[in-house]
Amino acid sequence: MTSIFNSLRQLWRDLRTQKLRTFLTTLGIVWGTVAVTLLLSFGQAMHRQMLKNVLGLGNAIVITFPRSTSKPFEGLGKGRPMRVTEEDIELVRKRATLVDAISSEYADNLQLKLGTKTMAVDVSGVSPEFGEMRNMIPQMGGRFLNPLDESQKRRVAFLGNELAEDLFGASNPVGQIFRLHGSPFTVIGVLEPKTQDSSYSGRDKDKVNIPGSTFRALTGQKYVNLFIFTSTDVQKTKQAADEVRSILAGKLRFDPTDKEAMMTWDTTEMFQFMDSFMTAFKAFLAIVGSLTLVVGGIGVSNIMSVVVEERTPEIGVKMALGARPRGILSQFLAETLILTAVGGGIGLLITFGICEAWPAGMEEFIGIPEVDLHVALLTSALLGLIGFVAGFFPARSAANLDPVVAMKMT
Amino acid sequence: MTTNDSIIAMEQIRKVYDTGKVQVEALRGIDLEISKGEFVAIVGPSGSGKSTLMNLIGCLDTPTSGVYRLTGQLVAGMKKDELATVRNRRVGFIFQNFNLLPQISAYENVEMPLLFGGVPRRERRRRVEALMERVGLADRMEHKPTELSGGQMQRVAVARALAMDPDILLADEPTGNLDTSSGGDIMELFQDLWEQGGTMLVITHDPALARRARRQVEIQDGLITRDTGSPGADSTPLR
Ligand SMILES: Nc1ncnc2c1ncn2[C@@H]1O[C@H](COP(=O)(O)OP(=O)(O)OP(=O)(O)O)[C@@H](O)[C@H]1O
Ligand SMILES: [Mg+2]
C-alpha cells in the first residue's frame, strides 16, 4: 500500500516538475487524435452524404424516355415518335430476364384544390414498385402505393414532404382529402425527407404520386412519359437496357440498335463513378491519416526520447538514492499512460466540440460528421504507445547505467 | 587481512576511465579496509582519485578490476535490486556538487530516499522535518535548491544523506562551500553521528576537519600514499 502511494507521489511530483514535457507530449497526443479523428469523421460524413445524395434518385435505376426513331426500319422512315403504353411495359415485365423491377411514370402538371387553396402541382402516375426503386420511404403512419391501389384505380396519393407541409402544415396529412383535377383524393403517405442530388422531372419533395391506373383514368393519358427499371445485377445494367430495347423494338417496330428511339439515363454509371471516387477518397484519407499519425508519432517520440535523455542525470540521482530500475520504468509507464489518457481525452473532447459546432448549413455538401470513438481511442493509444516505446529504451538504458555515469550525462 | 568487523574491504581496486581517445587510470590498485565505527578523512590533491574512490565505496560506480566487499558481501555479485537497497539503506552519500533535483523543494529532495525506502507518509514527514531542523533549514523547506545558497544546498544534501539513517556516511567535500561557522556546524553533526556509532568517510581539504578524524588516508595519483591506520594500529606512512 505504502509503496503504491509512494509511487503515486513521485509520479505526481515528476509530472508537475516536468511541465514542458508533460505539456508537449500531451499536446502531441491531443493534436494527433484530433487530426486523425476529425479527418475520418469528415471523410465518413462526406461518404455517407454522397451516397445519400445519389440514392435520393433511386437504387441504381435506369431511366428510359421514349423518343423518336433515328434510323429507318422495315420500310418505316426515321423520326417516328415512339409511344409506349402500359401494355408494352407489362410485356417487358414478363419477358425481360435481366430486369428486376420496372415502373412506368405518367406525368403532368395538374390543378390541386384544398379548401380555398388552389395550386398547380406535378403529379406522377406510377406503379407500386416505384416506391422502392426510387427510395420513396414513407414517414411513420403512412405508406406508399400498393398493388391494390393500382388494380382498383384507387384515388389515393403519396405526397412529397414539402408539398404536404405546404398543404397541411403541422397537422397529420394521412387520411386527409383534397381534390386533384376535379376528383377527391385521399392522402396515404408522406415522403420521409431525403436528399436528392439529381432528378429528371422536379424534386420528389414537391410531387404527388398516384397509381398509374388512376392517372390514366383521370387524365385520359395513354402513353407513358418515361419508365424506370432496375437490373437483377448492377454489373449487367447495360445488357438489361439492351434487352428492354430489343423487346420494345419487336413490339413497336424499330431498329433494336437505335438508341435514340429509347433514350436511357443509366444512373448506375453514377454509382460506378461514385464507387471509384470513394475508393480513391478513402485511400486518400487512409494515407493522410497514416501520415498524420507518423508525423504525430515522430513528434511524440522525439519529445519523449529527448526528455528522457535530458532526465538521465535525474535518473542517476534517483538510482544513487536507492530507486530500483523497475520502479523508474514502471513510473515512466504510468506517466505515459496518464499523459495518453489525458491527451486522448482532450483530443476527443475537441473533436466532439468541432463536430457539435459544425454549421448545419454545410450538411448538404459534407453531411454531419460523427466521431468514431474507436478511431479516436486507437489513435491516442497508438500515439501513447509510440511515445512509450520512444521513451522506454532511453529510460531503461539510463536506469541500467551506474548512477555516477548517469548523473554525469548532460 | 580481512577482519570480521571490517565494513569496507577493497583489494587491488583499479578504475580506468575510457574517454575514447585517452584512458585515464584514476585508481591504480587501492587496498583499503575500514572497520565499523571508524571516522576516516580522505585527503589528497585535486584529481588524485578521491571522488572516484568514494563513488566505488558507495556502490555508485563499478571498478575496472579488483575486489570490493561491503560487510563481507561481494558487491560485484549483487543484483540490481540489492544494490538499490544498499544505496538506499546502508550508504548515505553527500556529493561534491550536491546533486539535488532542481525542480523540487528542499523538503521533497530530502524526502526522496524515504519514498524509495517505502517509509509511510507520516513517518516521512516526521523524519524530514527533524532533519531539516537539525541542519538548520526548518524555515527553508519549501524552497527550491536554486533558491538556496551554496551552503544551504550543502546542508540539504547532508539531510538527504542522513534520511534513511545509513550505516555509512560518505561525504565528498562536505564543508567545501561553507563558511567556517556553518562548516563547523556540519562537522559537529558528523561528530555526533560518529559518536552514535556510525561509520564515516569524509573527503576534505580542510585540515581542521581532517584532524578531527581518527584516521587519515592520503591519495596521490590513484594510489594510497599514507594511511594513519585504524586507531591503535601503527600510523606509519606507507611510502
Ligand atoms: N567520468 C570521467 N571520465 C574521465 N575521466 C574522469 C572521470 N571522472 C574523473 N576522471 C579523472 O579521474 C581522475 C580522478 O578524478 P576524481 O574526481 O576522482 O578526483 P578528485 O580527487 O576527487 O579531485 P577533486 O579534489 O578536484 O575533487 C582525474 O584525473 C579526472 O580527470
Ligand atoms: Mg572530487
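Note that the structure is predicted; figures quoted are calculated from it, not measured.

Quick question: what am I supposed to make of the overall build of chain A here?
Assigned secondary structure in chain A consists of 14 helices and 9 strands. Burial statistics for chain A: of 410 residues in total, 49% are counted as buried. Here chain A has roughly 19800 Å² of accessible surface; of this, 61% comes from carbon and sulfur atoms.

In this structure, what is going on with the interface of chain A and chain B? I would like to understand it.
When the parts of a complex come together, some accessible area is lost, and that lost area is often used as the size of the interface. Listed per partner, the contact involves 25 residues of chain A and 27 residues of chain B. A combined buried area of about 2500 Å² lies between chain A and chain B, and 56% of that area is made up of carbon and sulfur atoms. Across the salt bridge formed by Asp81(B) and Arg324(A), the nearest N and O atoms sit 3.5 Å from each other. The interface formed by chain A and chain B holds 5 residue pairs in polar contact (both at pLDDT 80 or more) in total. Only helix H1 (2-17), helix H10 (312-320), helix H11 (325-356) and helix H14 (403-408) of chain A provide two or more residues apiece to the side of chain A that touches chain B. Broken down by element, the residue count for the side of chain A that touches chain B peaks at 7 residues, all from H1(A).

Where do I start with the coordination of the magnesium ion (ligand 2) in this structure?
In ideal tetrahedral geometry, four donors around a metal make angles of 109.5 degrees, whereas ideal octahedral geometry with six donors gives angles of 90 or 180 degrees. All names here are of chain B. Coordination of the magnesium ion (ligand 2) by the protein is provided by Ser 51 (OG) and Gln 96 (OE1), with metal-donor distances spanning 1.9 to 2.3 Å. You can see Ser 51 sitting in helix H1 (residues 50-57) and its partner Gln 96 sitting in the loop between strand S6 (91-94) and helix H3 (106-116), a full 45 residues away along the chain. On the accessibility criterion, Ser 51 (24% relative accessible area) is partly exposed. Using a relative accessible area of 41% as the deciding quantity, one classes Gln 96 as partly exposed.

Honestly, the site of ligand 1 in this entry has me stumped. Any pointers?
Looking at ligand 1, there are 15 residues lining it, with Ser46(B), Gly47(B), Lys50(B), Ser51(B) and Thr52(B) nearest. Mapping the residues near ligand 1 onto chains gives chains A and B. Here an oxygen atom of ligand 1 sits 2.8 Å away from a polar atom, N or O, in the main chain of Gly47(B). Separating an oxygen atom of ligand 1 from a side-chain N or O atom of Ser51(B) is a distance of 2.7 Å.

Explanation requested: the sheet that holds strand S10 (residues 223-227) of chain B in the structure shown.
Sheet strands pair via backbone hydrogen bonds, and the direction of the pair is either parallel or antiparallel. Residue and element names in this part refer to chain B. Spatially, 6 strands are ordered S6-S7-S8-S3-S9-S10 in an open sheet, and the strand pairing comes out mixed. Strand pairing shows two members of the sheet lacking a second neighbour, S6 and S10, which therefore form its edges. Strand-to-strand twist in this sheet, taken as the mean axis angle between neighbours without regard to direction, amounts to 20°. Pairing between strand S3 (residues 39-43) and strand S9 (residues 215-220): 4 bridges, direction parallel. Bridge assignment links Val 43 to a residue of S9, and that residue is Glu 218. Packed on one face of the sheet, helix H2 (residues 80-90) meets S6 and strand S7 (168-172) and runs near 70° to S6. Those strands touched by helix H5 (residues 150-162) are S6 and S7, and its axis lies near 170° from that of S6.

I'm lost on the side chain of Lys50(B) in this one. Help?
All names here are of chain B. Following the sequence through the fold, Lys 50 ends up in helix H1. Nearest to the buried, unbridged Lys 50 among oppositely charged side chains is Glu 173, at 5.2 Å. A distance of 3.1 Å separates the side chain of Lys 50 from the backbone oxygen of Gly 44, its partner in a polar contact. One polar contact links the side chain of Lys 50 to the main-chain carbonyl oxygen of Pro 45, over a distance of 3.0 Å.

Explain the packing of aromatic side chains to me, please; I cannot follow it from the model alone.
Aromatic rings in a pair are described by how distant their centres are and how their planes are angled relative to each other. Enumeration according to the criterion identifies 10 aromatic pairs over all chains in this entry. Measuring from centroid to centroid gives 4.6 Å for Phe93(B) and Phe95(B), while their planes differ by 25°, and the two rings are stacked. Residues Phe93(B) and Phe95(B) agree in their burial class; the two are buried. Ring-pair connections join several aromatic residues into one group, and the members of that group are Phe130(A), Phe144(A) and Phe158(A).

Would you mind showing me how to read the environment of Gly212(A) here?
Relative to the helices and strands, Gly212(A) resides in helix H7 (residues 212-219). Once you skip the residues sitting within four places of it in the chain, Gly212(A) turns out to touch Tyr106(A), Gly125(A), Val126(A) and Glu150(A).

Help me understand a negative patch on the surface in this model?
All names here are of chain A. Together, Asp 108, Asp 122, Glu 162, Glu 165, Asp 166 and Asp 206 give the surface a local cluster of negative charge. No other element matches helix H6 (residues 161-168), which puts 3 residues into the negative patch. As for its position among the elements, Asp 122 is in strand S3 (residues 117-126).

For this particular structure, what's the right way to read the packing of helix H9 (residues 268-310) of chain A against helix H13 (residues 373-400) of chain A?
Two numbers describe a pair of packed helices, the interaxial angle and the distance between the axes. All names here are of chain A. Where H9 contacts H13, the two axes come as close as 8 Å, and the packing angle between them is 30°. Of the possible angle classes, the one that applies to H9 and H13 is roughly parallel. Helix-helix and strand crossings are classified by hand; for H9 and H13 the assignment is right-handed. Facing Leu 293, Gly 296, Gly 297, Val 300, Ser 301, Met 304, Ser 305 and Val 308 of H9, the residues of H13 in contact are Thr 379, Leu 382, Leu 383, Ile 386, Gly 387, Ala 390, Gly 391, Pro 394 and Ala 395. Each residue belonging to the contact of H9 with H13 can be placed in one class, and the counts come to 10 nonpolar, 7 polar and no charged.

Honestly, H5(B) in this entry has me stumped. Any pointers?
Working note: α-helix, 3.6 residues per turn, so residues spaced by three or four point in the same direction. Taking 1.5 Å of rise per residue, the 13 residues of H5(B) would be expected to cover 18 Å, and the 19 Å separating its terminal C-alpha atoms lies within 8% of that figure. Those residues of H5(B) that fall on the buried side of the exposure criterion are Gly151(B), Gln152(B), Gln154(B), Arg155(B), Val156(B), Ala157(B), Val158(B), Ala159(B), Arg160(B), Ala161(B) and Leu162(B). Its buried side turned inward, H5(B) meets H10 of chain A together with S6, H3, helix H4 (121-134), S7 and helix H6 (180-195) of chain B.

Would you mind going over the sheet that holds strand S2 (residues 23-35) of chain B with me for this structure?
All names here are of chain B. Overall, antiparallel pairing links the 4 strands, which are arranged S2-S1-S4-S5 in an open sheet. Each having just a single partner strand, S2 and strand S5 (73-74) make up the two edges of the open sheet. Along the sheet, H1 contacts strand S1 (6-18), S2 and strand S4 (65-70); its crossing angle with S1, the most-contacted strand, is approximately 125°.

Looking at this structure, how should I read the pattern of salt bridges?
Pairs can form between side chains of opposite charge whenever their charged atoms are close. Enumeration over the complete set of coordinates arrives at 27 salt bridges over all chains. We note a salt bridge from Arg215(B) to Asp227(B), for which the minimum N-O separation is 2.8 Å. In this pair, Arg215(B) is assigned in strand S9 and Asp227(B) in strand S10, connecting sequence segments 12 residues apart. The class of Arg215(B) is buried, set by a relative accessible area of 3%. On the accessibility criterion, Asp227(B) (14% relative accessible area) is buried. Look at the salt bridges and you will find they share partners, linking Glu90(A), Arg93(A) and Glu129(A) into a network.

Cut-offs applied
- Residues numbered from 1 in each chain as written.
- Chains lettered and ligands numbered in written order.
- Predicted model: local features only at pLDDT ≥ 70, side-chain atom pairs only at ≥ 80, totals over all residues.
- Heavy atoms only, no water.
- Helix = DSSP H or I, 4+ residues; strand = E, 2+ residues; numbered from the N terminus.
- Buried < 20%, exposed > 50% of the residue type's maximum accessible area, 1.4 Å probe, protein only.
- Areas by Shrake-Rupley, 256 points an atom, 1.4 Å probe, with all protein chains shown as cover.
- Contact = heavy atoms within 4.5 Å.
- Buried area = accessible area lost by both parts, 1.4 Å probe.
- Salt bridge = Lys/Arg side-chain N within 4 Å of Asp/Glu carboxyl O.
- Polar contact = N/O pair within 3.5 Å; in protein donor to acceptor, adjacent residues only side chain to side chain.
- Donors = N, O, S within 2.8 Å, 3.2 Å for Na, K, Ca; no water.
- Near = heavy atom within 4 Å.
- Pairing = 2+ DSSP bridges.
- Axes fitted to C-alpha atoms, helices over the stretch in contact; angles between N-to-C directions.
- Lys, Arg positive; Asp, Glu negative; His and termini not counted.
- Phe/Tyr/Trp six-rings, centres within 6.5 Å; stacked < 30°, edge-to-face > 60°.
- Patch = residues over 30% accessible without salt bridge, like charges linked within 9 Å, V, L, I, M, F, W, Y side chains within 5 Å.
- Charge placed at Lys NZ, Arg CZ, Asp CG, Glu CD.
- Parallel < 35°, antiparallel > 145°, perpendicular 65-115°, else oblique.
- Left-handed = near helix turned anticlockwise from the far one by under 90°.
- Nonpolar A, V, L, I, M, F, W, Y, C, P; charged D, E, K, R; others polar.
- Expected span 1.5 Å × (residues − 1).

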